[in-house]
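Examination of the molecular architecture
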Amino acid sequence: MIDMSCVPHKRSLLFASLLVVVLVSSCFISVLSSSCNTSFFVLGASDKVIVRDETELRNAINNAQTDKSITIALDKDITLTNNPLTITANKDITITSNKASGFYKLIGADGISTITVESGGVLRLDGIIVTHENGEKGLGVHVRENGQCIMNNGEISGNTADVVNDPVYFQEGGGVYVGRGSVFELHGGKISNNKSFRRGGGVFANVDSVFKMFGGEISNNKASAFVSGDGGGVFSSGVFELYSGKISNNQADGDGGGAFINTYFDPACVFRMFGGTISGNTANLYGGGVYSLQGGLWQRGTITGNTAKWGGGVFCPSYKSDFGQVVISGNTALTAGNDVYPEPETEDSSNGNSGGSVDENDGSVNDGNGGLDNGNNGLPNGSNDGSSNGDNDPASGGVSLRDRVIVCLVAVVVVLCVFLVVFFVSFQKRLHQVEQKQTNP
């Protein structure tokens, strides 16, 4: 009988188990960190800070390290006094709610923006309501020049752009004001029931800014007639790309009930529609759904149920407008052009929208702001329908979380198999030596 007590298999098995645990943990940490754009080695559990009042909230932001992400969770509704909540340069702040369902409110002071993002700062909204009390005025989120705001969930609602006590005089962008060179991304949640006394009831995007809408909803916002009351839902002088989501039931006392694209005053202004729905919006003058003097890149989506005096769906006097596969129907014009006004001059009107189909093999667009390559399908990074989802988000570089998990698991299995082979060979060799010793003592 062979005595196995001298074989150090227990220690080897323990070492193998620990190695597997380390490998699996490292891979999942790598996957989750890359998908969330954060480092778990940097954050850890201590970097989720729960706050219950204004003092704790401001201290958490002031004490956040630069160039490192931090998550701040509201544990109750918090009302700000005197100043906006400010995200300074080189800080990456996520604000959420410490709540199983629903959202806590962050309430701004009268006449002051609720949140300000300074140049170089990054704000991520993931489950709070940014608002003002009834009758009080002030922007919801003000992104200054070269700042960044990413909204994944929650609401920006009940804000009013009027006379506010910021360094700049604002009557634009009731929900979100996007400054020059800044980036705003909407992936989910609502921007609703905001008001502007000039332009951009829901979102105002300034010159050289980039606004990308991958989902969510911009609804029930209003641009009133101070100067022209344009852009009930969105007023854009920069790059506006609509991939998915809804722009609905907004109202403009002037032009562009759903969206006003300011190409006349800024030739660098661009509108690109890859998906989504623009519906139920109203403009007192031109463009119930969309007002765009110079057209844009239209590929997919739906524009329906909008109303205006001229151009119930789209007002686009460009000499030639190609609406691709965008469905423009069921809109109402009180004077002329139910769906499109004026009728676009095209060589091919076979798609039912008075415009030809997009030649996707010729019409590539590649510029420093949009980052698009339309040579194959007009969409970035292989997205096929212009919508954002977990498996093929245009903003993710084309590599899904699922693919990362699969690659990491395959790597773990390969390493584990190699280790087991080496361990088995070593174990057989050791067993053979033990047998020889017992045979020839």
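Below, the structure is looked at part by part. Computed from a predicted model, the values in this text were never measured in an experiment. (Residues numbered from 1 in each chain as written. Predicted model: local features only at pLDDT ≥ 70, side-chain atom pairs only at ≥ 80, totals over all residues. Heavy atoms only, no water.)

Some thoughts on the overall build of the chain
Counting its regular elements, the chain contains four helices and 35 strands. Taking all 441 residues of the chain together, the buried fraction comes to 48%. Considering only residue pairs separated by 6 or more positions, the chain has 75% of its internal contacts joining residues 24 or more positions apart. Accessible surface, the chain as shown: approximately 19900 Å² in total, 52% of it carbon and sulfur. (Helix = DSSP H or I, 4+ residues; strand = E, 2+ residues; numbered from the N terminus. Buried < 20%, exposed > 50% of the residue type's maximum accessible area, 1.4 Å probe, protein only. Contact = heavy atoms within 4.5 Å. Areas by Shrake-Rupley, 256 points an atom, 1.4 Å probe, with all protein chains shown as cover.)

Here's the deal with helix H3 (residues 54-63)
All buried positions along H3 are accounted for by Glu54, Leu57, Ala60 and Ile61. Taken end-on, H3 shows its buried residues confined to a sector of 130°, consistent with a single buried face. For H3, the exposed residues lying more than 90 degrees away from the buried face are Thr55, Asn62 and Asn63. Buried residues along H3 sit against strand E1 (48-51), strand E2 (69-74), strand E3 (78-79), strand E4 (85-87), strand E5 (92-97) and strand E6 (104-108). Of the residues flanking the start of H3, the one acting as N-cap is Asp53, its side-chain oxygen 3.2 Å from the backbone nitrogen of Thr55. (Arc of directions from axis to C-beta. Polar contact = N/O pair within 3.5 Å; in protein donor to acceptor, adjacent residues only side chain to side chain.)

Side note on the sheet that holds strand E12 (residues 176-178)
One open sheet accounts for ten strands, arranged E4-E7-E9-E12-E16-E20-E24-E28-E32-E35; its pairing is parallel. Bordering the open sheet on either side are E4 and strand E35 (340-341), each of which pairs with just one other strand. Of the strand pairs in this sheet, strand E28 (residues 290-292) and strand E32 (residues 314-315) are connected by two bridges, and their pairing is parallel. Of the residues in E32, the one forming a bridge with Tyr291 is Phe315. (Pairing = 2+ DSSP bridges.)

Some words on the pattern of salt bridges
All told, the structure shown has seven salt bridges when counted by the stated rule. Note that Glu54 and Arg58 form a salt bridge whose closest N and O atoms lie 2.9 Å from each other. Here Glu54 and its partner Arg58 are both found in helix H3, four residues apart, which amounts to about one turn of the helix. Residue Glu241 is joined to Lys212 by a salt bridge in which the shortest nitrogen-to-oxygen separation is 4.0 Å. Of the two residues, Glu241 is situated in strand E21 (residues 239-242) and Lys212 in strand E17 (residues 210-213); the sequence distance between them amounts to 29 residues. For Glu241, a relative accessible area of 0% corresponds to the buried category. Judged by its relative accessible area of 17%, Lys212 is buried. Put simply, Glu172, Arg198 and Arg199 are held in one network by salt bridges that share partners. (Salt bridge = Lys/Arg side-chain N within 4 Å of Asp/Glu carboxyl O.)

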